[in-house]
Amino acid sequence: MRALGIDGAWVMEPRVFHDSRGSFHEWFRAPELHEAAGYGLGLAQANCSVSARGTLRGVHFADVPPGQAKYVTCVRGAVVDVVVDIRTGSPTYRAWEAVELDDRDHRAVHLAEGLGHAFMALTDDATVVYLCSRGYAPTREHGIHPLDPDLAIDWPAGLTPVLSEKDATAPTLAEAEAAGLLPSYAACVQWYEGLRAGPRGDETGASPLIPASR
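Definitions and limits used
All residue numbers refer to positions counted from 1 along the written sequence of the respective chain. The model is predicted, so local features are restricted to residues of pLDDT at least 70 and side-chain atom pairs to those at 80 or more, both for listing and for counting; the totals for chains, interfaces and linings are taken over all residues. Derived side-chain values reflect all non-hydrogen atoms in the structure, with water molecules and hydrogen atoms excluded from consideration. UniProt positions are given in the numbering used here, feature names are shortened, and annotations may be inferred rather than shown by experiment. Helix and strand assignments come from DSSP, with helices taken as H or I runs of at least 4 residues and strands as E runs of at least 2, each series counted from the N terminus. When we talk radius of gyration, it's over C-alpha atoms, and the globule rule is simply 2.2 Å times the number of residues to the 0.38. Note on classification: 1.4 Å probe, protein chains only; a residue is buried when its accessible area is under 20% of the maximum for its type, exposed when over 50%, partly exposed between these limits. Should any heavy atoms of two residues lie within 4.5 Å, those residues are counted as being in contact. Per-residue accessibility takes into account occlusion by the displayed protein chains alone, with areas from the Shrake-Rupley method and a 1.4 Å probe. Buried Ala, Val, Leu, Ile, Met, Phe, Trp, Tyr and Cys residues form a nonpolar core when they are joined through side-chain atoms within 4.5 Å. Criterion used throughout: strands pair if DSSP finds at least two bridges between them.

- As annotated in an unreviewed UniProt entry, the protein carries the name dTDP-4-dehydrorhamnose 3,5-epimerase and is attributed to Streptomyces ficellus.
- Taken verbatim from the UniProt record of the protein, the Sequence similarities (unreviewed entry) comment is "Belongs to the dTDP-4-dehydrorhamnose 3,5-epimerase family."

The following block contains the structure:
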């Protein structure tokens, strides 16, 4: 687990074993994640998305507490995966960091609760799978326009972004901040510390569970 420049974000770079049959690698290891973050990933949901080349998904985030931590990898094709610090008051507020995820190097990205997440497909049938610490809860889910010029995310050149209607009509970061939608860095840090101190924040990968809103 290698820390990225945004607090709460890491990239996992596995050792991949190749032979005449194909390859094998471990794309998630709870002890390594616990060592890096200080608490485990309480698995509540696993998602899989398949995207055509140019598809741009995000920037998505959830209210904190409880937020939604994600552990993301690409099992077919390639994507540019982006972590965005949308936590008001954070030393790196508005910063973003990109990691290419593909089916060759098999990197994975972990982002803590409160961070924004987006990715763009570089190939057709790009297949992204991700583990989530909380299940989908529409009342807690929000988005920021991924082409917001104030964020100025450097998406790959030569690709026409294909957005869902929801993402295309999402507010800018400034609009989301003005509307009070963004999590604060102070609230996120308090949440992280609570998870580290919690009775189930151990190396098994578990973390305290909160019932999802219906």
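**What to know about the overall build of the protein**
Then step 1. Across its full length, the protein holds four helices and 13 strands.
Then step 2. By the compact-globule yardstick of 17 Å for 214 residues, the protein fits well, its C-alpha radius of gyration being 17 Å.
Then step 3. Overall, the protein is about 55 × 45 × 35 Å in size when its C-alpha atoms are taken along their principal axes.
Then step 4. Each of the 214 residues in the protein was classed as buried or not, and the buried ones make up 49%.
Then step 5. The long-range fraction of contacts in the protein, counting pairs at least 24 apart against all pairs at least 6 apart in sequence, stands at 80%.
Then step 6. Here the protein has roughly 10,100 Å² of accessible surface; of this, 52% comes from carbon and sulfur atoms.

**Here's the deal with the nonpolar core**
Then step 1. One finds Val79, Val83, Leu101 and Val109 to be the most contacted residues of the largest nonpolar core, which totals 19 residues.
Then step 2. Those residues in contact with valine 83, other than ones at most four positions away along the chain, are Ile6, Ala9, Ala95, Trp96, Glu97, Val109, Leu111, Leu115 and Gly116.
Then step 3. One finds Val59, Val80, Ala118 and Leu182 within the second-largest nonpolar core, a separate group that totals 17 residues.

**Looking at the sheet that holds strand β1 (residues 2-3)**
Then step 1. What the six strands build is an open sheet, ordered β1-β2-β10-β7-β12-β5; its pairing is antiparallel. Lying at the two open borders of the sheet, with one neighbouring strand each, are β1 and β5 (45-51).
Then step 2. Strand direction decides the pairing type here: strand β2 (residues 9-12) and strand β10 (residues 108-111), joined by four bridges, are antiparallel. Bridge pairing in β10 places valine 11 opposite valine 109.

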